[in-house]
Amino acid sequence: MASGFGQKGNDKEGVFISFEGGEGAGKSTHINFLSETLEERGYQVLRLREPGGTSLGEKLREIVLDAVHQEIVAETELFIYEAARAQIVAEVIKPALAQKAVVLCDRFFDSTLAYQAFGRGLDRDFVERANAFASQGLVPDRTIVLSCGKAARTGLERATKHGAADRLEGEGEDFHTRVNEAFFTIAQACPERIRMVESADLKSQTARRVFEALVDLFPWMGGLVADKAFFEKVDVGRYGNKHCDGG
Ligand code: TMP
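Residues numbered from 1 in each chain as written. Predicted model: local features only at pLDDT ≥ 70, side-chain atom pairs only at ≥ 80, totals over all residues. Heavy atoms only, no water.

## Focus on the overall build of the chain
Argument step 1. When you go through the chain residue by residue, the secondary structure sums to nine helices and five strands.
Argument step 2. Listing every helix and strand of the chain by position from the N terminus yields β-α-β-α-α-β-α-α-β-α-α-β-α-α.
Argument step 3. For a compact globule of 247 residues, the expected C-alpha radius of gyration is about 18 Å, and the chain comes in at 17 Å, within 12% of that figure.
Argument step 4. Considered along the principal axes of its C-alpha atoms, the chain spans approximately 50 × 35 × 30 Å.
Argument step 5. Put simply, the chain has 247 residues, and 51% of those count as buried. (Helix = DSSP H or I, 4+ residues; strand = E, 2+ residues; numbered from the N terminus. Rg over C-alpha atoms; globule rule 2.2 N^0.38 Å. Buried < 20%, exposed > 50% of the residue type's maximum accessible area, 1.4 Å probe, protein only.)

This is the structure in structure tokens:
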């Protein structure tokens, strides 16, 4: 295991990083590139997605995203996401962190706040309590919110260019603009944990900003951020959609 691991003052635990953002913000590319870089440095890395990451969670994902299920009401939707979360936290994330892994999760509880509270209009306090309950006290060490602006159209087009829109992608532009705006609000409320990273430019520039946002957790990344050629690898495209879908 490489040095500079974590900042919890506790070398028995790993590092938990969540990636957030509206539709088509490019999460998969940056999770894949970061994951590969960490693995090359000797870290044990686990890439996960929410909802999903467990046998039960993947089934719940299928249900909640299936455009056939137009009957799902906002309250049901909230509990499906929380159920998948409770399972992945207990079954996968907590054990991995106890093994000192770096866990990279494509979405976590900030998505529930953005989509179900700000997007659907459910009570924010209730959603926050449900989030805390399902995540069993676990809070990411760092959350990277990738953003290509508040307007939803470009991201939605990017997210749906390879197939039909899922149930959430099929919500109107207004819904997704509310979600995009919500991530700014949520990030402002938690400046220590959450970093907004602009992702509208070249992927290499975004990748560099992601690493900059992690330097306090992995000090060796500070030596990489000036290395233009290192980040240009991301522009050749092989990092997109390798593991996590719909990024
Ligand atoms: P994605 O991770 O492939 O983007 O798909 C997950 C979809 O589910 C995405 O539209 C965001 C949405 N979502 C919620 O609405 N609430 C949640 O708590 C989570 C984790 C995701």
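## Quick notes on the pattern of salt bridges
Argument step 1. As enumerated under the stated definition, the model contains 13 salt bridges in all.
Argument step 2. Between Arg49 and Glu58 there is a salt bridge, with its nearest N and O atoms 2.7 Å apart.
Argument step 3. Assessed through its relative accessible area of 27%, Glu58 is described here as partly exposed.
Argument step 4. A salt bridge links Arg85 to Glu50; the nearest nitrogen and oxygen atoms lie 2.8 Å apart. Of this pair, Arg85 sits in helix H3 (residues 74-98) while Glu50 sits in the loop between strand S2 (45-49) and helix H2 (55-65), and the two are 35 residues apart along the sequence. Like Arg85, the residue Glu50 is buried in the burial classification.
Argument step 5. Three or more residues joined by partner-sharing salt bridges are found here, namely Glu77, Arg120, Arg167 and Glu171. (Salt bridge = Lys/Arg side-chain N within 4 Å of Asp/Glu carboxyl O.)

## Considering helix H8 (residues 203-212)
Argument step 1. Listed as buried for H8 are Ser204, Thr206, Ala207, Val210 and Phe211. The buried residues of H8 occupy an angular sector of 160° when the element is viewed end-on, so they sit on one face. (Arc of directions from axis to C-beta.)

## Here we look at the sheet that holds strand S3 (residues 102-106)
Argument step 1. A sheet is described by the order of its strands in space; here five strands give the open sequence S2-S3-S1-S4-S5, paired in parallel fashion. Here the strands that pair on one side only, and so sit at the sheet edges, are S2 and strand S5 (194-198). The average angle at which neighbouring strand axes cross in this sheet is 20°, direction not considered.
Argument step 2. With four bridges connecting them, strand S1 (residues 15-20) and strand S4 (residues 142-147) associate as parallel partners. What sits directly across from Ser18, in S4, is Thr143. (Pairing = 2+ DSSP bridges. Axes fitted to C-alpha atoms, helices over the stretch in contact; angles between N-to-C directions.)

## Digging into the pairing of S3
The side chains of a regular strand alternate between the sheet's two faces.
Argument step 1. Of all five residues making up S3, five are buried, and the element is well covered by its neighbours.
Argument step 2. What you see with S3 is no split at all: Val102, Leu104 and Asp106 on one side and Val103 and Cys105 on the other are buried throughout.
Argument step 3. In the sheet, S1 pairs with S3 via five bridges, with the strands oriented parallel. The residue bridging Phe19 from the neighbouring strand is Asp106, located in S3.
Argument step 4. Note that S2 and S3 share five bridges and pair parallel. Residue pairing for S3: Arg47 is matched across the bridge by Leu104.

## Regarding the site of the ligand
Argument step 1. Taken together, 14 residues lie around the ligand, and Glu23, Arg61, Tyr81, Thr112 and Gln116 are the ones closest in.
Argument step 2. Arg61 places a polar side-chain atom, nitrogen or oxygen, 2.9 Å from an oxygen atom of the ligand.
Argument step 3. In the environment of the ligand, a nitrogen atom lies 2.8 Å from a nitrogen or oxygen atom belonging to the side chain of Gln116.
Argument step 4. Alone, the ligand offers 480 Å² of accessible surface; in the complex the protein occludes 98% of this.
Argument step 5. When residues of the shell around the ligand are traced back to their parent elements, those giving at least two are H2, H3 and helix H4 (109-119).
Argument step 6. Taken together, the residues of the shell around the ligand break down into four nonpolar, three polar and seven charged. (Near = heavy atom within 4 Å. Polar contact = N/O pair within 3.5 Å; in protein donor to acceptor, adjacent residues only side chain to side chain. Areas by Shrake-Rupley, 256 points an atom, 1.4 Å probe, with all protein chains shown as cover. Nonpolar A, V, L, I, M, F, W, Y, C, P; charged D, E, K, R; others polar.)

## Some points on the packing of H2 against H3
Argument step 1. Where H2 meets H3, the closest approach of the two axes is 9 Å, and the angle between their N-to-C directions is 160°. Here H2 lies roughly antiparallel to H3, going by the angle between them. Our pair here, H2 against H3, has a crossing hand that is left-handed. Residues Leu56, Gly57, Leu60, Ile63, Val64 and Leu65 of H2 form the contact with H3, whose own contacting residues are Glu77, Ile80, Tyr81, Ala83, Ala84 and Gln87. (Parallel < 35°, antiparallel > 145°, perpendicular 65-115°, else oblique. Left-handed = near helix turned anticlockwise from the far one by under 90°. Contact = heavy atoms within 4.5 Å.)

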